[in-house]
Amino acid sequence: MEELVERAARDLINSNYAIALTGAGMSTESGIPDFRGPSGIWTKDPEAERRAYQTYHRFLANPKEYWEEKLSGPSLFGDLTKVEPNPGHHALAELEEMGILKCVITQNIDNLHQRAGTENVLDYHGNAFKLRCVDCNARFDLEEYDLQGLREEGRLPPHCRKCGGVIKGDVVHFREPIPSDIAHQSLEEVWRCDLMLICGTSAVVYPFAELPRVARQRKIEAERKTEAGIYAVERVPAVTIIELNAEPTPLMAEGISDYLIQGKTGEILPGMVEEVKRLRR
């Protein structure tokens with residue numbers, strides 16, 4: 001593993017525009033349960049999974065009832081305000097501070113990247129601490145709306161202060177489209193990057209899982225000297241894709257990732273940062 005960590009550090013240093021894609025594997029190391037793992041939320045409660053697939057439809061059919069239900073029950077994840085970023089989150093924030101990492105695109109809704117100090121974060125599946133207008137995509141912090149007050153006054157659902165549209169939680173539900181602004185910005189980052197870290201994601205939930213596959217399709221022209229001493233131009237991959245995961249994913253089997261560093265992101269990423277520092281001395 002040490003050789004791979006050093007290789008990744010060198011690749012990061014040599015990159016011009018590195019980004020990271022992160023998934024549930026980073027959050028579980030902070031104590032947040034995943035959905036389908038051995039101790040996952042839906043593994044323990046299959047009925048909760050069935051209800052989750054109906055949530056977006058219920059919102060469209062009756063936003064008021066959606067909010068009544070949302071405000072009357074506990075969060076699936078418990079109190080996320082009590083969860084702390086782990087060393088992996090802090091390592092990515094440090095890579096950004098060093099000027100190496102340009103953006104984090106995350107499946108996680110827990111706000112831990114932001115709390116660790118990362119500034120350029122795209123919440124692909126939304127953020128549990130924000131609200132979103134379904135008409136104009138304007139986002140608001142939870143504290144900007146007195147949701148319980150609106151409930152008591154019979155004024156649910158809340159409405160957008162910018163356009164008047166209906167407000168929902170920012171978290172993207174099943175069968176709900178990825179917000180157009182986030183989908184567009186994420187693809188822009190993928191098309192711009194020359195290095196991609198894939199951290200703690202199973203790479204099977206679409207359309208997020210399409211992002212590394214889109215990156216792998218990109219090619220650039222590079223000059224190569226043949227055995228005959230003649231220089232030839234060939235098309236080569238434009239992005240170095242490094243996977244950090246507890247277990248191999250389909251990305252390795254499909255030849256999407258260049259290499260896999262297997263283990264916990266909370267251990268690998270800090271080691272990678274220290275290696276970057278050593279090589280830069």
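Presented here is an overview of the structure given in this document. (Residues numbered from 1 in each chain as written. Predicted model: local features only at pLDDT ≥ 70, side-chain atom pairs only at ≥ 80, totals over all residues. Heavy atoms only, no water.)

### Some remarks on the packing of helix H10 (residues 180-192) against helix H11 (residues 210-217)
Next up, step 1: Running from N to C, H10 and H11 cross one another at 35°; their axes reach a closest spacing of 9 Å. In this structure, H10 meets H11 at a crossing whose hand is right-handed. Counted together, Ser186, Leu187, Val190 and Trp191 of H10 and Leu211, Val214 and Ala215 of H11 form the full contact between these two elements.
Next up, step 2: The residue makeup of the contact of H10 with H11, split by class, is six nonpolar, one polar and no charged. (Axes fitted to C-alpha atoms, helices over the stretch in contact; angles between N-to-C directions. Helix = DSSP H or I, 4+ residues; strand = E, 2+ residues; numbered from the N terminus. Left-handed = near helix turned anticlockwise from the far one by under 90°. Contact = heavy atoms within 4.5 Å. Nonpolar A, V, L, I, M, F, W, Y, C, P; charged D, E, K, R; others polar.)

### Thoughts on the environment of Leu80
Next up, step 1: Along the chain, Leu80 turns up in the loop between helix H6 (63-72) and helix H7 (87-97).
Next up, step 2: In this structure Leu80 comes out as buried when scored by relative accessible area, which is 8%.
Next up, step 3: With 117 residues separating them along the chain, Leu80 and Leu197 place their C-alpha atoms 25 Å apart.
Next up, step 4: Excluding residues within four positions of it along the chain, Leu80 makes contact with Ile32, Asp110, Arg115, Ala128 and Phe129. (Buried < 20%, exposed > 50% of the residue type's maximum accessible area, 1.4 Å probe, protein only.)

### Regarding the pattern of salt bridges
Next up, step 1: Counted by the stated rule, this structure contains 16 salt bridges.
Next up, step 2: Between Glu94 and Lys277 there is a salt bridge whose closest N-O contact spans 2.6 Å. One end of the pair, Glu94, is in helix H7; the other, Lys277, is in helix H13 (residues 265-280), with 183 residues separating them in the sequence.
Next up, step 3: With a relative accessible area of 26%, Glu94 lands in the partly exposed category.
Next up, step 4: In this structure, Lys277 and Glu274 form a salt bridge, with 3.4 Å as the shortest nitrogen-oxygen distance. Of this pair, Lys277 and Glu274 both sit in helix H13, three residues apart, which is roughly one turn of that helix.
Next up, step 5: Through salt bridges with shared partners, a single network forms among Arg132, Arg139, Lys168, Asp170, Glu176 and Asp181. (Salt bridge = Lys/Arg side-chain N within 4 Å of Asp/Glu carboxyl O.)

### Considerations on the sheet that holds strand E4 (residues 130-133)
Next up, step 1: Read from one edge of the open sheet, three strands run E5-E4-E6, paired in antiparallel fashion. Of all strands in the sheet, those bounded by a partner on one side alone are strand E5 (139-141) and strand E6 (167-169). On average, each strand axis in the sheet is tilted by 35° relative to the strand beside it, whichever way the strands run.
Next up, step 2: Both E4 and E5 contribute to a ladder of three bridges, which runs antiparallel. Bridging from a neighbouring strand, Lys130 pairs with Asp141 of E5. (Pairing = 2+ DSSP bridges.)

### Things to note about the sheet that holds strand E3 (residues 121-123)
Next up, step 1: Across the sheet, which stays open at both edges, the six strands sit in the order E3-E2-E1-E7-E10-E11 with parallel pairing between neighbours. Sheet topology places E3 and strand E11 (259-262) at the edges, where each strand pairs with a single neighbour. Within the sheet, the average angular offset between the axes of one strand and its neighbour, ignoring direction, is 20°.
Next up, step 2: Relative to E3, strand E2 (residues 101-106) runs parallel, the two being bridged by three bridges. Note that in E3 the partner of Thr106 across the bridge is Asp123.

### As for H13
Count 3.6 residues to each turn of an α-helix, and residues three or four apart come out pointing the same way.
Next up, step 1: An ideal rise of 1.5 Å per residue puts 22 Å on 16 residues; H13 measures up with 22 Å between its terminal C-alpha atoms.
Next up, step 2: When we look at burial in H13, the residues that qualify are Thr265, Gly266, Ile268, Leu269, Met272, Val273, Glu275 and Val276.
Next up, step 3: Its buried side turned inward, H13 meets helix H1 (2-14), helix H2 (24-28), H7, strand E7 (195-199), strand E10 (240-245) and E11. (Expected span 1.5 Å × (residues − 1).)

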